[in-house]
Every structure is written in C-alpha cells, then in structure tokens.
Amino acid sequence: MPPLAPASQVAASSAADPVVLSLTVFVLACFIGYYVVWRVTPALHSPLMAVTNAISSVIIVGALIAAGATAQAHGIAISQLLGFAAITLAAVNIFGGFVISQRMLGKFKKKPKT
Amino acid sequence: MNGTLSSLLYLVSSVCFILALRGLSSPESARRGNLLGIFGMILAIGTTVAGPDMVSLPLIAVAVLLGGAIGTAIAQRIQMTALPQLIAAFHSLVGAAAVLVAAAAFLHPAALGILGEHGIHTASLVEMAIGTAIGAITFTGSVVAFAKLQGLVTGSPLVFRGQHMINAALAVACVAIGIWFVATQSDAAFWLLVASSLALGLLLIVPIGGADMPVVVSMLNSYSGWAASGIGFTLHNNLLIITGALVGSSGAILSYIMCKAMNRSIFNVIFGGFASESGAIGGAPREQRPVKIGNAEDAAFIMQNASSVIIVPGYGMAVAQAQHVLREMADQLKEAGVNVRYAIHPVAGRMPGHMNVLLAEANVPYDEVVELEEINRDFAVTDVVYVIGANDITNPAARSDPKSPIFGMPVLDVEKAKTVLFVKRSLASGYAGIDNELFYRDNTMMLLGDAKKVTEELLKAL
C-alpha cells in the first residue's frame, strides 16, 4: 500500500478508505460463507472442517511475503526467520488438511446397485 | 507480476475456495471441490512467489516441502478415530502461523508494505493487534483441546474458584494492552499482547469438559478463520480476508449446530456448568430396578425375525473398533432381506460428522446413513433398534424429565421401536453421567459386554 495520500487528493476523490473496502469484502464473504456452509450435508461436516482448516492456511501468503520480501537491511532478518517458520507450519496444514479430506471423501461410497 | 494481475489471480483462488466448500453439499461433488481447493491454494502460493522483488526462493521451497512432507505423512497415517485431535492440532498451527506473520509484519513493516510516514498506519496496528490476539488464543486453545482429545490431560473439566473473574480480567487486560500497543507501537506492548492472549486461550479451554469437545473443535475452527482474516486486514490482502471469513463462518455454523444438538448455548459451553451439575447427579445413589439381560442367540433370533433394523452407533463403537464387524452383521441381515439403516445423532462422534466418516471407512454406503431429523419418525415403525456404543443420545429423559441435565436435547426416539437391543459394557451411566431410563423399559434387552465382542457373537449366531 502507498503511504496515505495528501489531504488534497483525498478531498478530491470520493474513493473509500482502504479499511472500509476491506471491511466490505469481509462482510460480503461472511454472507457467502454462511449460505454455502448451510448447504453442506451434515454427513460431510468432518471433511468440511479439514478443508476449511487447509484453506485457512492461505495465511501462508503473508508468511511468503514476510520471508521473501526484499528491502532487508542486511543478511536474513528476524522477520524473515519468522516468515520461514510460518511457511513451514502453514504448509503442514495445507498438505495435511487436503490429504486428510481427500482420504475421507474417498471412503464415502454409494450403495452398490443390485 | 504487477499488483493488478496478482489481485485478479487471488480473486480466482478465492472463488476456487468458495466452490470447494460448495462441493461439499453432496459426496459426489465433494472430491471435485477438494481438487478445486488444492488448485486455488497452488494458485495463491504461485502468485505470491512470482510477485516482484521476492528473494530467498530456494529457502522458501525448502520450507514448503518440509512442512508439506510432515503434513502429508501425518494425514496419511492418522486413524479416523483420532481425527478430532488431528484437526485440533492443525488449528493450533494456523494460530501459530498467524502470530508469526503478525510478528514479522511488526518487526519489518516496510517489507510488508504497511509502513507510513510516522511508523505503521494506525489502522494496520489495530488489525495487527486483533489478528495477533485471535491467533494466539487459537494456538493455545487448540493445544489444550488436542491434549484433552488425545488423553494427554484429563478430559474432565478443570474448574477452580474465581476462574471466570480471572478470565474476564485477562480479557480486559488483552484489550487494554492492545490499545496501548496501537497508541505507542511499543515492542513491549506487542509481546505482552501475545503473552496475555496465549494465557487467555489456555484458560478458556481448560475448564471445558470432554463431552463438549465437538463444540470446542468447531469453535477453534472458526477462530482460526478469524485470525487469517485479521492478518488479511493487516496486509490488505483480499484473499486472506475472504478465506478467513469463509472459514470463520463455517466454524461458527458448526458450533451452532453442535450446541443445538446438545441443547446448550455457546455461552453455557464456554463458561462450563454442565459437567459440575451432572457430576452431582451421577454420584447420587440409584435404586435397583429390574433389567432384562439377553445373550447373542436371543438377539440374533429377534433380528432374523425383523423386517427393519436401525443401528444407532455412538463413539463407544469406534473406540471398540466394532464398525467393520457391525457392517458385516448388517450385510448378513440385508442378505436375509432385512432393511438396515444407520441413525446418526449430530454429536454421536467427537467432532461434527465424525460418525459418518467412521462408518464410511467400514464401507457402509452413505445412503444407508440417515441423520436424526430424517429418521426419528421411522422408529415407531421399526422392529429392532441396535444401540451400540451410544447412550445419552437415546435417553428418553431428554424429552420427559425436566429435571434431567440433558432435558431438551434432541434425542433419537429409539424406545418407540418394537425391540431395543442395547449393547453396553456395564449398567453404569453414560458419558454425561446420567442414568438412562431406557434400560428399564419392557421392550429393551441389554447385551452386556464389549461392543465388538457382542457384535461378533451376534454375527456368528445369525
């Protein structure tokens, strides 16, 4: 994000504050989540938890930026080390979550037609 | 890759995640949905890594592969009965990752693009404080839930005097430290916020008993989403905000469903009380009443002469590893022309949908497995109900006895069937410590013994 625009520009444009934009996205996403999740069949609530667990690890995006962003003063900064640690933890979750949900879903079979 | 293109690709991956959840509305579409989710994640990671000025890519690859190898190995080996603790452990990792990312952003705000002219933007600080606090609470809370589910610490609630006061004080302290942090950007405030939130997560989950773990696991699922959203706000990343919101609302809905299935409010679960009440009732002296006890041959005879059988499994069945022999028994009955179905109570397992997975693992076709609301009317026209490893979810006191701690909880109306075969280790009370009226009914026959052994004997007798 660029630093805050000078007051003259802010006054000229009616563009909303970035925080309000983020909040808009957040609230709308909550509604999508609400309607989508109510349609999930109760039989698949365990895979749902595994999948949501995996996708909440999309936080890895933040970890990647922390670990890989340049403009470090010199050598590897502490923030980069924290980033690497976060990448590893999130990766455990992503792979683990998707693998376990795939394993669970593979077990759900229909009655064989007789 | 420029900012606009990466934002668009993040949008595509958000849509993939929404479709992944949408796919779970039926088992047929679920696998495709899962693959879409994986694609969305690869896209998200790829987009970020291809961003401008990224360095240390080999090290990043090592970190991803290391974590990936560990996660895959664990997920492939884990037993399905141990699913709840695995999910709890995974939630703790999301919480920890959120705290680490927030700390990295705090220590090096320029790298994450949140540095203004006078230090970090105030809005970013607020979001960072919230993300950090929720992340830390998720982390320690999930660790405690994991330890309880794994049996590392006692599943019974640890209650001490002044608990609520301490928790409330700690929560207020977290908020105060958060405000201090936003106002001063001081290092001490940040780390103190992390420490107090970690302590709060620990103290919040410690008093919650084992029976409430389905709610706790769902609740932590929700928290892990909100933590991701909080970090998304800090980094101005819509993908994180959207995904976090999806996960957060998913966990919240699951917590609600679990609470409703136990007729409890979420506050009631968080602040305890249930376990201490029922403990007193479980300890009260009980009158001796006549019980009909049968053996495998009796049970087999009754089942062979039935035209419809409903099996009511509980967590005890999974603990005894009886699901495979149970399915063999059902196969035998189906060959004899008996209509066999399974009735699932929402809290039959240790997490939402757990029982469905355990039955699916034993090759029970999912169209024979029916949820409480759909099957409850059918008990009245059913010949035999086979209750195995379940207890409280069949207790008629939930409907008839206003004094019972589980009064008002939706239960399976098994006693309306012609005959109830109740497999149980002994005549002791169930997980919640409540006596079950069902044992003394005329149409109930108790089959005492280990769930697996009893079912094996029954199978032999058929």
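This is a predicted model, so every value here is computed, not measured. (Residues numbered from 1 in each chain as written. Chains lettered and ligands numbered in written order. Predicted model: local features only at pLDDT ≥ 70, side-chain atom pairs only at ≥ 80, totals over all residues. Heavy atoms only, no water.)

## As for the overall build of chain A
Alright, step 1. Helix and strand content of chain A: 5 helices and 0 strands.
Alright, step 2. The secondary structure elements of chain A, listed N-terminal to C-terminal, are α-α-α-α-α.
Alright, step 3. Per-residue burial for chain A yields a buried fraction of 52% across its 114 residues.
Alright, step 4. Sequence separation of 24 or more characterises 64% of the internal contacts of chain A that already satisfy a separation of 6 or more.
Alright, step 5. Total accessible area on chain A stands at roughly 5200 Å², and carbon and sulfur atoms take up 72% of it. (Helix = DSSP H or I, 4+ residues; strand = E, 2+ residues; numbered from the N terminus. Buried < 20%, exposed > 50% of the residue type's maximum accessible area, 1.4 Å probe, protein only. Contact = heavy atoms within 4.5 Å. Areas by Shrake-Rupley, 256 points an atom, 1.4 Å probe, with all protein chains shown as cover.)

## Some points on empty space enclosed by the protein
Alright, step 1. Summed over the entire model, instances satisfying the criterion amount to 1 cavity of 30 Å³ or more.
Alright, step 2. Each pocket or cavity is described by its volume, and for the largest cavity that value is around 30 Å³.
Alright, step 3. Considering the residues around the largest cavity, the lining is formed by Ala 43 and Phe 108 of chain A together with Asn 356, Leu 359, Ala 360, Val 364, Tyr 366 and Val 369 of chain B.
Alright, step 4. With 3 residues, helix α15 (residues 354–361) of chain B is the largest single contributor of residues to the lining of the largest cavity.
Alright, step 5. Of the residues assigned to the lining of the largest cavity, the class counts are 7 nonpolar, 1 polar and no charged. (1 Å grid on protein atoms, 1.4 Å probe; cavity = no way out; pocket = protein on both sides within 12 Å on 5 of 7 lines; lining within 4 Å. Points joined across faces, edges and corners; volume = space filled by probe spheres on them. Nonpolar A, V, L, I, M, F, W, Y, C, P; charged D, E, K, R; others polar.)

## A short note on the nonpolar core
Alright, step 1. If you look at the biggest cluster of nonpolar residues, it comprises 181 residues, and the most contacted ones within it are Ile 87 of chain A together with Ile 311, Val 312 and Tyr 386 of chain B.
Alright, step 2. When residues in this core are grouped by element, the largest group, 16 residues, is from helix α4 (residues 83–107) of chain B.
Alright, step 3. In contact with Val 312 of chain B, other than residues within four places in its own chain, are Ala 343, Phe 379, Val 385, Tyr 386, Val 387, Ile 388, Ala 390, Ile 393, Thr 394, Leu 412 and Val 414 of chain B.
Alright, step 4. Within the second largest apolar cluster, 5 residues are counted, among which are Ile 137, Leu 170, Cys 174 and Leu 200 of chain B. (Core = buried A, V, L, I, M, F, W, Y, C linked by side-chain atoms within 4.5 Å.)

## Thoughts on the domain arrangement of chain B
As a measure of interface size, the accessible area lost when the parts come together is often cited.
All names here are of chain B.
Alright, step 1. Per the domain assignment, the segments of chain B are domain 1 (1–77), domain 2 (83–270) and domain 3 (296–461).
Alright, step 2. A C-alpha centroid distance of 23 Å is found between domain 1 and domain 2.
Alright, step 3. Residue-level contacts link 8 residues of domain 1 with 6 residues of domain 2.
Alright, step 4. Buried surface at the junction of domain 1 and domain 2, both sides included, amounts to about 670 Å², of which 85% is carbon and sulfur.
Alright, step 5. Considering only the side of domain 1, the residues that lose the most area to domain 2 are Tyr 10, Ser 14 and Phe 17, jointly responsible for 48% of the buried surface there.
Alright, step 6. For the pair domain 1 and domain 2, the number of links is 0 salt bridges.
Alright, step 7. The tally of links between domain 1 and domain 2 comes to 0 residue pairs in polar contact (both at pLDDT 80 or more).
Alright, step 8. Tallying contributions element by element places helix α1 (residues 3–23) first for the side of domain 1 that touches domain 2, with 6 residues.
Alright, step 9. The residue inventory of the side of domain 1 that touches domain 2, partitioned by class, reads 6 nonpolar, 2 polar and no charged. (Domains from an automatic or database assignment. Buried area = accessible area lost by both parts, 1.4 Å probe. Salt bridge = Lys/Arg side-chain N within 4 Å of Asp/Glu carboxyl O. Polar contact = N/O pair within 3.5 Å; in protein donor to acceptor, adjacent residues only side chain to side chain.)

## Concerning helix α9 (residues 238–261) of chain B
Residue and element names in this part refer to chain B.
Alright, step 1. Spanning 24 residues, α9 covers 34 Å between terminal C-alpha atoms, matching the ideal 34 Å at 1.5 Å per step.
Alright, step 2. Across the 24 residues of α9, 20 count as buried, placing the element largely inside the fold.
Alright, step 3. A side-chain oxygen of the first residue of α9 lies 2.9 Å from the backbone nitrogen of Leu 239; this N-cap is Asn 237.
Alright, step 4. Downstream of α9 by a residue or two, Asn 263 has a phi angle that is positive, lying close to 55°. (Expected span 1.5 Å × (residues − 1).)

## Section: the side chain of Ser 196 of chain B
All names here are of chain B.
Alright, step 1. Inspection of the secondary structure assignment puts Ser 196 in helix α7 (residues 187–205).
Alright, step 2. Take Ser 196: its relative accessible area is 10%, and that puts it in the buried class.
Alright, step 3. Discounting residues that sit within four places of it in the chain, Ser 196 has contacts with Leu 170, Cys 174 and Ile 177.

## Here's the deal with the sheet that holds strand β5 (residues 369–371) of chain B
All names here are of chain B.
Alright, step 1. One open sheet accounts for 6 strands, arranged β5-β4-β3-β6-β7-β8; its pairing is parallel. Across the chains shown, the open sheet's two edge strands, defined by having one partner strand only, are β5 and β8 (444–448). Shown here is a sheet whose adjacent strand axes are inclined to one another by a mean of 25°, direction ignored.
Alright, step 2. Bridging between strand β3 (residues 308–313) and strand β6 (residues 384–388) involves 5 bridges; their strand directions are parallel. Looking at β6, one finds that Val 309 is bridged to Val 384.
Alright, step 3. Helix-sheet contacts for helix α14 (residues 323–335) involve β3, β4 (339–344) and β6, and the interaxial angle to β4 is about 145°.
Alright, step 4. Along the sheet, α15 makes contact with β3, β4 and β5, crossing β4 at roughly 145°. (Pairing = 2+ DSSP bridges. Axes fitted to C-alpha atoms, helices over the stretch in contact; angles between N-to-C directions.)

## Let's talk about the interface of chain B and chain A
Alright, step 1. Facing the 104 residues of chain B at the interface are 84 residues of chain A.
Alright, step 2. Buried surface at the junction of chain B and chain A, both sides included, amounts to about 8400 Å², of which 77% is carbon and sulfur.
Alright, step 3. One can count 2 salt bridges joining chain B with chain A.
Alright, step 4. Taken together, the connections running from chain B to chain A amount to 15 residue pairs in polar contact (both at pLDDT 80 or more).
Alright, step 5. Among the residues forming the side of chain B that touches chain A, the class breakdown is 65 nonpolar, 29 polar and 10 charged.

## As for the environment of Leu 462 of chain B
Alright, step 1. Position of Leu 462 of chain B among the secondary structure elements: in the segment after α18 (451–461).
Alright, step 2. Residues Leu 462 of chain B and Ala 299 of chain B lie 163 residues apart in sequence; the distance between their C-alpha atoms is 9.0 Å.

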